[in-house]
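# Report on the structure
Take a look at the letters that make up each chain.
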Protein chains: 2
Amino acid sequence: MIKNIVGNVDFCESLRGKKASFLLALSNTGTANIRGITQAGIPGKIHLTPTLDSEFVCTGEVRSLENIAETPKGVPTPALITRAIHLLNPYGNIELLDLGLEVKPELEYFKIHDFGILPSKSIALDAGINAMEVFQKGLAFGQEYECKDDYIILAESVPSGTSTASATAQALGYDCKSLFSSSFKEVPHNIREITIENALKNIKSDDDLFRILGRVSDNMLIFNAGFILGLNNKIKIVLAGGTQMACVLLIVNTILKTMGGEINTSNLSLCTTKWVYEDTNSDIKALLEMLDFKINAYYSDFDFSTSNHPALKLYDQGEAKEGVGAGGALVYASLNGISKESIINQVESFLG
Amino acid sequence: MIKNIVGNVDFCESLRGKKASFLLALSNTGTANIRGITQAGIPGKIHLTPTLDSEFVCTGEVRSLENIAETPKGVPTPALITRAIHLLNPYGNIELLDLGLEVKPELEYFKIHDFGILPSKSIALDAGINAMEVFQKGLAFGQEYECKDDYIILAESVPSGTSTASATAQALGYDCKSLFSSSFKEVPHNIREITIENALKNIKSDDDLFRILGRVSDNMLIFNAGFILGLNNKIKIVLAGGTQMACVLLIVNTILKTMGGEINTSNLSLCTTKWVYEDTNSDIKALLEMLDFKINAYYSDFDFSTSNHPALKLYDQGEAKEGVGAGGALVYASLNGISKESIINQVESFLG
């Protein structure tokens, strides 16, 4: 079942039965190397998470490491959900966006868009991103992009991406300190807060918008803000993610306000998971309501309540929550008649 | 299971696994305001039925009224079946044809073709349709229409449409007085017969074919006769309905005879429900056998025999029977491997 966060069901219903291109935006930020800031991956190898996620979604195999990324608590990556749905009701195309990966995925035949973007540094020091350049690359990609399917699902895998998203939205002046999600159930507020505080301290009083983004943000957030503006409403797009994708929209919002521009958002939407929607440590709805434009946003009410697998139960307990487009994939599955039970069975089959 | 009414299974089997565009033709006729003539809706609000049906098929919500249309006996609209199948195996596209609605559906993102056609009046007085104009609009739409899927399912929602269909076929000289279906189990023959008798009395001796249609028919019947001729066999089409769709074919037949034209009907078919096929008060097979051209026609043997829901049992007792493309939708479901049980479960979930 698909539920509304904001807007109405019509946008989503108009996609029922249609095929999507699945675009997976991948990036590394040095922020993820801060010990304890993220749960998205194996300690010491967290930088591999987007690489492994993309390998697994495309092929069902992890190649750049022996095992699929798990958190120390044993929460498996949401890429399992995304892959399960690809097996049950395939995306029309999968395309990867390399927005600064430390390790390239080992894949043949899959389209990997290479934009010559380097991994960003830790926001605690200064992310060191040429934000204008990254933004313009996103803009150009959106202008040129031709979708081979009925619509786009835009997903991301960026370890510690909720921390950079929170820092970014705060730096842009949104009153949202407590609204951002985390891969943890018990959010490590101290590490996160100190990191974000340090990030905000790096901003100079004469920094313009893109200078600020370059210090406190990550490539995925900046590029996708450009991508959305570049698409200019020409094709329907689902931002498949939680508070990180909400932050992309907040950046778009600030750019439009700063530059005095307008955007038609009738083809723009966001889809996330129930775990994000119901998270008491964040508030995706409140983030979306900060936007000056209208948007339709949804969540899938999928959960692992009927699964007996302990690793999957952790999702229902609030660990992991979202990523690798899981929420958008779950909505895509619903829109194509795929049952909750078949998804659970498929995900369980990966875990053995 | 799909069963033959006339023709053979080959046409239908050639559609197995293919995607259909679902076109829903909507119209109001003042005939529906005659007390007791139809069961298709809420008394006093029967004119809302096509509006509510289209809202529910597209979104799962009824917007122009609090509750989904039910007959006084509590028979829920066949739109529930059509919607259930859209959830289990979506139509590739849903498009609405506004052929004279009193209230426009409240929908965003869905294609609503507006032909500038007004609701028709009661046939008891004179329907007052400019039939040539409505026919030519259908013809032009068929000529221009480009199907985005493999074939078309053409459905209708027109309260009291079986009465106007019966009047139309009789007015065109077909010996079919007892062959037309009704939404009732116990057909209110007196009201219906008196209405049709009055309609036939309005015909003047020098009325040509379109003058006659303009007095005794409805917009859906006339437009779709034009639509079929306009398509000119260029794409496969399933007329999803019972005796009303048979009447559309009878109109096509008469037009061809009157004008000395021919039609290739190899891509034309009709699909209806078991409830229509087995109805002892009407005879769809006899109607189809009056055609001078060949056609393939089918019914789905779906019923609610394994359901425990009393409102659904009424279908098996002969109430409601067909509408909103239920028969075509059920055949589409069969052609795509959807089980009877999953359809029943889905329909029951709507009723709570």
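Given the structure is predicted, the values throughout are model-derived calculations rather than measurements.

### Considering the interface of chain B and chain A
- Across the boundary between the two partners, chain B contributes 14 residues, which contact 10 residues of chain A.
- Contributing elements (two or more residues each) for the side of chain B that touches chain A: helix H2 (49-59) and helix H3 (79-88) of chain B.
- Ranked by residues supplied to the side of chain B that touches chain A, first place goes to H3(B) with 3 residues.

### Topic: the relation of the copies chain B and chain A
- Of the two same-sequence chains, chain B is brought onto chain A (RMSD 0.0 Å, axial shift 1.8 Å) by a rotation of 118°. Each copy turns onto its partner about a three-fold axis.

### A closer look at the sheet that holds strand S2 (residues 20-26) of chain A
Residues and elements named next belong to chain A.
- Sheet architecture is open: 8 strands sit in the order S1-S8-S7-S6-S5-S2-S3-S4, paired in mixed fashion. Lying at the two open borders of the sheet, with one neighbouring strand each, are strand S1 (2-6) and strand S4 (111-114). When the angles between neighbouring strand axes are averaged without regard to direction, this sheet yields 25°.
- Lying over the sheet, helix H8 (residues 219-231) contacts S2, strand S5 (151-157), strand S6 (237-240) and strand S7 (268-273), oriented at roughly 145° with respect to S2.

### Regarding unusual backbone geometry
- Notably, A:Val324 is not glycine yet its phi reads approximately 55°, a positive angle.
- With a phi angle near 55°, B:Asn232 is a residue other than glycine that sits in the positive phi range.
- In this structure, B:Asn232 sits in the loop between helix H8 (219-231) and strand S6 (237-240).
- Owing to 13 C-beta atoms within 10 Å, B:Asn232 belongs among the partly exposed residues under this scheme.

### Focus: the packing of helix H4 (residues 131-144) of chain A against H8(A)
All names here are of chain A.
- Viewed as axis vectors pointing N to C, H4 and H8 meet at an angle of 40°, and their least axial separation amounts to 6 Å. When the interaxial angle is binned, H4 and H8 end up oblique. Like other packed secondary-structure pairs, H4 and H8 cross with a definite hand, here right-handed. Residue-level inspection shows Ala-131, Val-134, Phe-135, Gln-136, Lys-137, Gly-138, Leu-139, Ala-140, Phe-141, Gly-142 and Gln-143 of H4 in contact with H8, the latter providing Asn-219, Ile-222, Phe-223, Asn-224, Ala-225, Gly-226, Phe-227, Ile-228, Leu-229, Gly-230 and Leu-231.

### Brief notes about the packing of H4(A) against helix H7 (residues 209-216) of chain A
Residues and elements named next belong to chain A.
- Interaxial distance between H4 and H7 falls to 8 Å at its minimum, and their mutual angle equals 95°. Judged on the interaxial angle alone, H7 and H4 are roughly perpendicular. Residues Ala-131, Met-132 and Phe-135 of H4 lie in contact with H7, whose contacting residues are Phe-210, Leu-213 and Gly-214.

### Re H2(B)
- Where burial is concerned, most of H2(B) is hidden: 11 out of the 11 residues are buried.
- Three or more residues of H2(B) are buried, namely B:Thr49, B:Pro50, B:Thr51, B:Leu52, B:Asp53, B:Ser54, B:Glu55, B:Phe56, B:Val57, B:Cys58 and B:Thr59.
- Those residues of H2(B) that are buried are in contact with helix H1 (10-13) of chain A together with strand S2 (20-26), H3, strand S3 (93-98) and strand S5 (151-157) of chain B.
- Following H2(B) by one or two positions, B:Gly60 adopts a phi angle in the positive range, close to 80°.

### With respect to helix H9 (residues 243-259) of chain B
All names here are of chain B.
- End to end, H9 covers 24 Å across 17 residues, agreeing with the expected 24 Å (1.5 Å per residue, within 8%).
- The buried count for H9 comes to 13 of 17 residues, which makes it a mostly enclosed element.
- A positive backbone phi angle near 70° is found at Gly-260, which sits one or two residues after H9.

### A few points about the sheet that holds strand S1 (residues 2-6) of chain B
Residues and elements named next belong to chain B.
- Spatially, the 8 strands line up as an open sheet ordered S1-S8-S7-S6-S5-S2-S3-S4, and their pairing is mixed. Strand pairing shows two members of the sheet lacking a second neighbour, S1 and strand S4 (111-114), which therefore form its edges. This sheet shows a mean twist of 25° between the axes of neighbouring strands, independent of strand direction.
- For S2 and S3, the ladder comprises 6 bridges, and the chain directions are parallel. Bridge pairing in S3 links Ala-25 to Leu-97.

### Focus on the environment of B:Gln317
- As for its placement among the helices and strands, B:Gln317 is situated in the loop between helix H12 (310-316) and helix H13 (326-335).
- Between the C-alpha atoms of B:Gln317 and B:Phe304, which are 13 residues apart in sequence, the distance is 9.9 Å.

### Section: the environment of B:Phe56
- Inspection of the secondary structure puts B:Phe56 in helix H2.
- A sequence separation of 32 residues divides B:Phe56 from B:Leu24, and the C-alpha atoms of the two residues are 12 Å apart.

### Some words on the pairing of S6(B)
Residues and elements named next belong to chain B.
- Across the two faces of S6 the burial is the same, with Ile-237 and Leu-239 and Val-238 and Ala-240 all buried.
- In this sheet, S6 lies alongside S5 in parallel orientation, the contact comprising 3 bridges. Note that in S6 the partner of Leu-154 across the bridge is Leu-239.
- In terms of strand pairing, S6 meets strand S7 (residues 268-273) through 4 bridges, oriented parallel. Note that in S7 the partner of Val-238 across the bridge is Ser-269.
- Note that the unit made of S6, H9 and S7 has a crossover that is right-handed.

Basis of the calculations
Residues numbered from 1 in each chain as written. Chains lettered and ligands numbered in written order. Predicted model: local features only at pLDDT ≥ 70, side-chain atom pairs only at ≥ 80, totals over all residues. Contact = placed C-beta atoms within 7 Å. Helix = DSSP H or I, 4+ residues; strand = E, 2+ residues; numbered from the N terminus. Least-squares fit on C-alpha atoms with pLDDT ≥ 70 in both. Pairing = 2+ DSSP bridges. Axes fitted to C-alpha atoms, helices over the stretch in contact; angles between N-to-C directions. Buried ≥ 20, exposed ≤ 12 C-beta atoms within 10 Å, placed from the backbone. Parallel < 35°, antiparallel > 145°, perpendicular 65-115°, else oblique. Left-handed = near helix turned anticlockwise from the far one by under 90°. Expected span 1.5 Å × (residues − 1). Right-handed = clockwise from strand over helix to strand, strands pointing away.

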